[in-house]
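Structural description and commentary
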Amino acid sequence: MKKRILSALTMVVMMFACSITAYADVYKQDPPDPNPTRYSYTLSLSSNLSFSGHTATCKSVVRGDPNLVTKIELTQCLEEDIGGGWWYRIASWNKTFYNFIAVYTTTKSNVPSGTYHVRTIAKVYSGSNFENIAIYSVTASC
Amino acid sequence: MQCNEKFLRALEEVYDEQFDEYMSSIENRQPHEFSAQHEKKMEKLIKLREKPYYRFVCTAGRRAACIIIAVIIFAAAAMSVKAVRKAVFRFFTSIFSNHIVVSACCDPDAETPGKVLEEYCITDLPEGFELTQSGRTDDSVTIVYNRSDKYVMFEQCTKQAFRMYIDNEYTKSEECCAANGVKYSVYSKDASSTIIWDNGTYIFGVTSNLDKNDALELCKSTKLKK
């Protein structure tokens, strides 16, 4: 009886251990979104960051449904990894595109040495309705 | 105590001399001899029991069943989380509840550039398309062409920097192999399609609302910029 209870408990712990490991791998940069909404108007997004010396170049690309999207408001945040899953914003930019595709490139010079990523926040409008989506670039160091 | 007395009284009632003689006849019988076959089997079993691996052999079936159940539980636990990673051809696809994230498989033994050293372009763009937007970093290029209600977006990226988020509601994914041996991963939804491929050095993407076959022809026409 004791052995059965022990085996059952071990199984349950293993199941949760797997789930937690995978879940942590997905949301290590931000707290998890408890209610992720479907992309209603957005079809694809990408974000890139590169360094040339201490000059960062950030690019964000957002593509919406051409039949629905009327406007895209893009916010780019250049953030430094300060450890413990925390990111420190050192610069941010905003631009509005009256189009269903937005390609936004910005640069920042004299960036201190460290590891960075670009967080792109897209507010994609269809008339007066909109959806907010945040994505991250691969990290880069300078 | 009362129960015992009742039992004894009941036993006395059913007990009689005939029963007593019958029981005696049983006791006087010759002791039972087991067959030679049975004795052989018993000896074999006793010898096997003395072996050091007896316990392991006896529990082999149960161990196998436990391992199979553990594998099923692990697989089910992995599939039940929001993100499931799987390698799709040359790309990793992370599947979330509302989107997928496509990134490139980077072979640690292969040397691929960390920057876009040679820029590529679509050479067979249909007439009427004009460049409307573009953006560049050291490791990626994005160019958008428009013609009335049609658009073509061409992207080139290093393998390390490539990461694309794609809406996965009603999006179909498939692979097309061209005569030149290149494998194209196609993600299509309604009239739009995103086609990505790896030429060994860079990752390319052509996104458009053209016919899928026309879009594939554009991909095949991608060449080094002169």
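Definitions and cut-offs
- Residues numbered from 1 in each chain as written.
- Chains lettered and ligands numbered in written order.
- Predicted model: local features only at pLDDT ≥ 70, side-chain atom pairs only at ≥ 80, totals over all residues.
- Heavy atoms only, no water.
- Helix = DSSP H or I, 4+ residues; strand = E, 2+ residues; numbered from the N terminus.
- Buried < 20%, exposed > 50% of the residue type's maximum accessible area, 1.4 Å probe, protein only.
- Contact = heavy atoms within 4.5 Å.
- Areas by Shrake-Rupley, 256 points an atom, 1.4 Å probe, with all protein chains shown as cover.
- pLDDT = per-residue confidence, 0-100.
- Patch = residues over 30% accessible without salt bridge, like charges linked within 9 Å, V, L, I, M, F, W, Y side chains within 5 Å.
- Salt bridge = Lys/Arg side-chain N within 4 Å of Asp/Glu carboxyl O.
- Lys, Arg positive; Asp, Glu negative; His and termini not counted.
- Charge placed at Lys NZ, Arg CZ, Asp CG, Glu CD.

Along chain B, the regular secondary structure elements total 6 helices and 13 strands. Counting every position in chain B, which comprises 226 residues, the buried fraction comes to 36%. Here the analysis covers contacts within chain B between residues at least 6 apart in sequence; of these, 48% occur between residues at least 24 apart. Looking at chain B as shown, the accessible area adds up to about 15,100 Å², and 55% of this sits on carbon and sulfur atoms.

When pLDDT is averaged along chain B, the result is 84; 88% of the residues meet or exceed 70. Confidence drops under pLDDT 50 across residues 84-89 of chain B; counting only partners more than four residues distant or on other chains, this segment forms 18 contacts.

Okay, a positive patch on the surface next. Side chains of Lys-3 of chain A together with Arg-55, Arg-62 and Arg-63 of chain B sit close together on the surface and give a patch of like positive charge. By the secondary structure assignment, Arg-63 of chain B is in helix 5 (residues 60-80). Since its relative accessible area comes to 41%, Arg-63 of chain B is described here as partly exposed.

All right, on to unusual backbone geometry then. With the exception of glycine, the majority of residues adopt a negative phi angle, and the majority of peptide bonds are in the trans configuration. All names here are of chain B. Even without glycine at this site, Ser-148 takes up a positive phi of about 45°. Mapped onto the secondary structure, Ser-148 falls in the loop between strand 6 (140-147) and strand 7 (150-158). If you check the backbone angles, Asp-190 has positive phi at about 50° while not being a glycine. Position of Asp-190 relative to the elements: it lies in the loop between strand 10 (183-189) and strand 11 (192-198). Asp-190 gets classed as exposed once you look at its relative accessible area, which sits at 70%.

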